[in-house]
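Spelled out, the chains give:
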Amino acid sequence: MQRNSDLALARQLAKQVSHQGGRAYFVGGCVRDKLMGIAGKDIDVEVYGITPAALREILSGMGQVLDKGASFGVLGLRHSNMDIAMPRRESRTGNLHTDFDVSVDPFLSTMEASRRRDFTCNALMEDVLSGEIIDHWNGRADLQNHVLRMVCAETFREDALRAFRAAQFSARLQAYIEEETLTQCRLMDVSAISRERVYEETVKALTKASQPSIYFRALREMDHLKEFFPEIQALATVAQNPQYHPEGDVFEHTMLVLDAAATLRDKAEWPLAFMFAALCHDLGKIVATEISPEGRITSYGHEVKGLPLADRQMRRITNQTKLIEYVKNMMELHMRPNLMARSKSKRSKTRLLFDLSVSPKDLILLSRADASGKLDAPYDEGLEKFLLDRYADYRSVLTRPMVTGEDLLQAGVEPGPSVGRLLRRTRQLHFSGLEKGRALAQALREYQKEFS
């Protein structure tokens, strides 16, 4: 395994550093994860007590040296996931994430070097050779007590991204953000952070946290939803019919759906996109919700009316077209599976539904998460059983011969837009149960009647 190979390389490096009077430490997340019993992929090593030239010479004897972060003095070895760095001093020079003046100081003390880290649980160090844990900031206790605490207010506030990192780690570690740390996060101006950096933190929360809702609740408490997630923030202003949604407003429902989706994401064909779909699925209620004079709350058509909002929300943090289209497709269809299951719809209807979906399997999972994100009753397992049975039926029908474009051309259809339109029609007829020849004949009759 790559991790075992990297650990062996780290020990080899530490021994050679030790021979020259220095010491090597595991730092950051790999130490935190080890204490939590998690075997992470990434290994970060910090080397003290030797010059940068000496470190590069040692690494050159171990393999091809890579400059992985030139501005921060981070090195690596080809065929390794390990990052090797030296202690450094940092000071902010501007508002951008990269606006730091960095200077390497290999003879800095471990305490001073760890002061620049964000949270106490991430400032833990482990001697590569002896296994001794260096804990200058009581990070081990905070980790055990599920408390997220900044190391140093002076250095913490220099990087506004740490507000999103606080929310992300709060979700992943299920940790309470200590009050002074929360205050510093509230005071940060996060407007200059790039969307790519916010996207990275959001992805970690959505894919690694068992309760991703904590991430968005923490950002809401910091008053930092408004910069990158204003549509999600707006959900808290939208009421729901208490008869069907006793959990409260749409934000509360969405958070419950998000956590339900997290229990299902390992089954999804595209886990990350599935989680974003769960996050955005009810954005349409912002514009579709109406309250009658009698106080009745409805959100008719929210699954379609919300498509522009989902597009806007997603593009605020990413430009990945395939991801955005997945989210919009799932949003538009998310109401239909459970409605069809409850009404025991005909096979032709469920086949057509699944054929519209970019991922029928994920659509079924989203419908389960949506139905689970309520406090009125437990999820009805019969709904999923019905949908999975119908999905198997859809997959079976897909294997049967279907009309092709070549079939239409040979039947005399002129090349052009009509071919695509007829192909869509023959596909509908196919899923209604007509075999290939009958579907082709029916579509041609309709085509000829249209132009007769």
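Residues numbered from 1 in each chain as written. Predicted model: local features only at pLDDT ≥ 70, side-chain atom pairs only at ≥ 80, totals over all residues. Heavy atoms only, no water.

1. Section: the pattern of salt bridges
Then, in step 1: Scanning the model with the defined rule gives 35 salt bridges in all.
Then, in step 2: Note that D393 and R351 form a salt bridge whose closest N and O atoms lie 2.7 Å from each other. With D393 in helix α22 (residues 381–398) and R351 in helix α20 (residues 347–356), this pair connects stretches of sequence that are 42 residues apart.
Then, in step 3: Here D393 falls in the buried class, since its relative accessible area comes to 12%.
Then, in step 4: E381 serves as the salt-bridge partner of R368, at 2.8 Å between the closest nitrogen and oxygen. In this pair, R368 is assigned in helix α21 (residues 360–372) and E381 in helix α22, connecting sequence segments 13 residues apart.
Then, in step 5: A relative accessible area of 16% means that R368 is categorised as buried.
Then, in step 6: Since its relative accessible area comes to 46%, E381 is described here as partly exposed. (Salt bridge = Lys/Arg side-chain N within 4 Å of Asp/Glu carboxyl O. Helix = DSSP H or I, 4+ residues; strand = E, 2+ residues; numbered from the N terminus. Buried < 20%, exposed > 50% of the residue type's maximum accessible area, 1.4 Å probe, protein only.)

2. Let's talk about the pairing of strand β2 (residues 43–48)
Then, in step 1: Most of β2 sits inside the fold, with five of its six residues counted as buried.
Then, in step 2: Pairing geometry for strand β1 (residues 23–27) and β2, over four bridges, is antiparallel. When the bridges of β2 are listed, A24 appears paired with V47.
Then, in step 3: Direction of pairing for β2 relative to strand β5 (residues 82–85): parallel, over a ladder of four bridges. By the bridge assignment, D44 is partnered in β5 with D83. (Pairing = 2+ DSSP bridges.)

3. Side note on unusual backbone geometry
Then, in step 1: Here H146, not a glycine, exhibits a phi torsion of approximately 55°, which is positive.
Then, in step 2: Following the sequence through the fold, H146 ends up in the loop between α5 (139–144) and β10 (147–148).
Then, in step 3: Even without being glycine, Q174 reaches a positive phi, approximately 50°.
Then, in step 4: Here Q174 lies in the loop between α7 (162–173) and β11 (176–177).
Then, in step 5: Residue Q174 is classed as partly exposed on the basis of its relative accessible area of 38%.

4. A closer look at the nonpolar core
Then, in step 1: Formed by 77 residues in total, the largest nonpolar core has its most connected members in F164, F216, M222, F229 and F276.
Then, in step 2: Discounting residues that sit within four places of it in the chain, M222 has contacts with A163, A166, A167, I177, L182, C185 and R186.
Then, in step 3: In this structure, I43, V47, L59 and L124 belong to the second largest nonpolar core, which totals 27 residues. (Core = buried A, V, L, I, M, F, W, Y, C linked by side-chain atoms within 4.5 Å. Contact = heavy atoms within 4.5 Å.)

5. Quick word on the environment of L375
Then, in step 1: In this structure, L375 sits in the loop between α21 and α22.
Then, in step 2: Residue L375 is classed as exposed on the basis of its relative accessible area of 57%.
Then, in step 3: For L375 and L256, which are 119 residues apart along the polypeptide, the C-alpha to C-alpha distance reads 9.1 Å.
Then, in step 4: Apart from the residues lying within four places of it in its own chain, the contact partners of L375 are P246, E247 and L256.

6. Brief notes about the environment of K344
Then, in step 1: Mapping K344 onto the fold places it in the loop between α19 (336–343) and α20.
Then, in step 2: For K344, a relative accessible area of 57% translates into the label exposed.
Then, in step 3: Sequence separation between K344 and L387 is 43 residues, and the spatial gap between their C-alpha atoms is 9.6 Å.

7. Some words on the layout of surface pockets
Then, in step 1: Put simply, the second largest pocket is a space of about 660 Å³.
Then, in step 2: If you trace the second largest pocket, you find 26 residues lining it, with Y244, H245, K285, M335 and K374 closest to the centre.
Then, in step 3: Sort the elements by how many residues they give to the lining of the second largest pocket and α19 lands first, with three residues.
Then, in step 4: Counted by class, the lining of the second largest pocket contains seven nonpolar, eleven polar and eight charged residues. (1 Å grid on protein atoms, 1.4 Å probe; cavity = no way out; pocket = protein on both sides within 12 Å on 5 of 7 lines; lining within 4 Å. Points joined across faces, edges and corners; volume = space filled by probe spheres on them. Nonpolar A, V, L, I, M, F, W, Y, C, P; charged D, E, K, R; others polar.)

8. What to know about helix α13 (residues 250–262)
Then, in step 1: Its 13 residues place the ends of α13 18 Å apart at the C-alpha level, agreeing with the 18 Å of an ideal helix rising 1.5 Å per residue.
Then, in step 2: The element α13 is extensively covered by neighbouring structure, given that eleven of its 13 residues are classed as buried.
Then, in step 3: Burial in α13 covers these residues: V250, F251, H253, T254, M255, V257, L258, D259, A260, A261 and A262.
Then, in step 4: Between the side-chain oxygen of the N-cap and the backbone nitrogen of F251 there are 3.0 Å, and the N-cap of α13 in question is D249. (Expected span 1.5 Å × (residues − 1). Polar contact = N/O pair within 3.5 Å; in protein donor to acceptor, adjacent residues only side chain to side chain.)

In short, shape yes, function no, at least from these values alone.
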